[in-house]
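Chain residues, written in single-letter form:
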Amino acid sequence: MSYSAAELEQLNADLREKSPVEIAQWAVAQAKNPIVTTNFRPYEAAILFAATQAKPEIPVVWCDTGYNTPNTYRHAEEVIALLQLHIDLYVPQQTAAHRDVVMGIPQIDDPRHKVFTEQVKLEPFKRAMANHKPDVWFTNLRKGQTAHRDNLDILSQGADGVLKVSPFYYWSDAQLDTFLAEHDLPNEHKYFDPTKVLENRECGLHA
């Protein structure tokens, strides 16, 4: 599927008034091979709920860096069971224990940080996308997270032609807190991303 800039602008205007579940339902109706990606960071239960409401058997790609906190792993298990997620797990080709010996977690100004990010995040993600070949990709991107994401919208389309769908794009943390409470969904804030020094730094998957 491919949309012109004008078509995307109109679709985003139309979807702005829809609920996240309605947006997900619209996207699934257009899709042949939709997926949702997650890392089980804060508020991920919301996008997983919306996507599975639209398509219960949707593939859920979890790219696990290997550096998640115990709380995140427990949270993941809870959400997987609660929403009966169809998880497809992708991990780096080198274990965290091995990498800790030869590299550790480089600082942002260390030339090895780019290699580290490629190993733990970008390579597993590229492998997942190559295997699934989605035409619609659900994410939980939101306006205000990074400068790059501020230039996106509910719908955005990259050079690869994949339609990126962010149903909660205009939502605040407070709105998401209410959404999770209304749907009895758990949340978890003790999340660690080893590739990001600052919370508002782009992770690399969406640039």
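One can find the structure itself at the top, above this paragraph.
This write-up is about the structure you can find in this document. Every value quoted in this text rests on a predicted model; they were computed, and no experiment measured them. (Residues numbered from 1 in each chain as written. Predicted model: local features only at pLDDT ≥ 70, side-chain atom pairs only at ≥ 80, totals over all residues. Heavy atoms only, no water.)

1. Overview of the nonpolar core
If you look at soluble globular proteins, the nonpolar side chains tend to sit buried side by side.
Reasoning step 1: Ranked by internal contacts, the top residues of the largest apolar core, which has 42 residues, are V36, F40, L48, L85, F138, L155 and V165.
Reasoning step 2: Secondary-structure elements contributing two or more residues to this core are α1 (5–15), α2 (20–30), α3 (44–54), β2 (59–63), α4 (70–83), β4 (136–138), β6 (163–165) and α7 (173–182).
Reasoning step 3: The biggest single contributor to this core is α3, with eight residues.
Reasoning step 4: Sequence-distant contacts of V36, that is, excluding residues within four places in its chain, are made with I47, L48, A51, I58, P59, V60, V61 and F138.
Reasoning step 5: Among the nonpolar cores identified, the runner-up in size contains nine residues, and V61, Y90, M129 and V162 belong to it. (Core = buried A, V, L, I, M, F, W, Y, C linked by side-chain atoms within 4.5 Å. Buried < 20%, exposed > 50% of the residue type's maximum accessible area, 1.4 Å probe, protein only. Helix = DSSP H or I, 4+ residues; strand = E, 2+ residues; numbered from the N terminus. Contact = heavy atoms within 4.5 Å.)

2. Observations concerning α7
Reasoning step 1: All buried positions along α7 are accounted for by L176, F179 and L180. The arc enclosing the buried residues of α7, seen along the axis, measures out at 95 degrees, which places them on a common side. Opposite the buried face of α7, at more than 90 degrees from it, the exposed residues are A181 and E182.
Reasoning step 2: Check the buried side of α7 and you find it contacts α3.
Reasoning step 3: Downstream of α7 by a residue or two, D184 has a phi angle that is positive, lying close to 55 degrees. (Arc of directions from axis to C-beta.)

3. Let's talk about the environment of I108
Reasoning step 1: Following the sequence through the fold, I108 ends up in the loop between α5 (96–102) and α6 (112–132).
Reasoning step 2: You can call I108 partly exposed: its relative accessible area is 39%.

4. Quick look at the pairing of strand β1 (residues 34–38)
Reasoning step 1: Taking burial as the measure, the five residues of β1 include five buried ones, the bulk of the element.
Reasoning step 2: Of the two faces of β1, the one carrying P34, V36 and T38 and the one carrying I35 and T37 are both buried.
Reasoning step 3: Across three bridges, β1 lies against β4 in parallel orientation. Across the sheet, residue P34 finds its bridge partner in β4, namely V136.
Reasoning step 4: The pairing of β1 with β2 spans three bridges and is classified as parallel. (Pairing = 2+ DSSP bridges.)

5. Side note on the sheet that holds β6
One key point about sheets: their strands pair by backbone hydrogen bonds, in either a parallel or an antiparallel sense.
Reasoning step 1: Read across the open sheet, the six strands follow the order β3-β2-β1-β4-β6-β5; overall the sheet is mixed. Strands with a single pairing partner mark the edges of an open sheet, and in this sheet they are β3 (86–90) and β5 (155–157). Averaged over all pairs of adjacent strands, the angle between their axes in this sheet comes to 30 degrees, without regard to strand direction.
Reasoning step 2: α1 contacts β5 and β6 of the sheet and is inclined by roughly 160 degrees relative to β5. (Axes fitted to C-alpha atoms, helices over the stretch in contact; angles between N-to-C directions.)

6. What about the packing of aromatic side chains?
Reasoning step 1: Across all of its chains, the model carries nine aromatic pairs by this definition.
Reasoning step 2: Aromatic pair F168 and W171: ring centres 5.1 Å apart, planes at 80 degrees, arrangement edge-to-face.
Reasoning step 3: Under the relative-accessibility criterion, W171 is labelled partly exposed at 24%.
Reasoning step 4: Aromatic side chains W171 and F179 sit 5.7 Å apart centroid to centroid with 85 degrees between the ring planes, which places their arrangement in the edge-to-face category.
Reasoning step 5: Members of the aromatic cluster, connected to one another through ring pairs, are F49, F168, W171 and F179.
Reasoning step 6: One residue, R16, lies across the ring of Y170, its end atom 3.5 Å from the ring centre. (Phe/Tyr/Trp six-rings, centres within 6.5 Å; stacked < 30°, edge-to-face > 60°. Lys NZ or Arg CZ within 6 Å of the ring centre and 35° of its normal.)

7. Considering unusual backbone geometry
Reasoning step 1: Even without being glycine, Y43 reaches a positive phi, approximately 70 degrees.
Reasoning step 2: Residue position: Y43 is located in the loop between β1 and α3.
Reasoning step 3: Given the relative accessible area of 6%, Y43 is considered buried.

8. Points about the environment of A54
Reasoning step 1: Locating A54 in the fold gives a position in helix α3.
Reasoning step 2: With relative accessibility at 19%, the residue A54 sits in the buried group.
Reasoning step 3: On a C-alpha basis, the gap between A54 and A27 in space is 8.6 Å, while along the polypeptide they are 27 residues apart.

Scope: geometric values only; no functional claims are made or implied.
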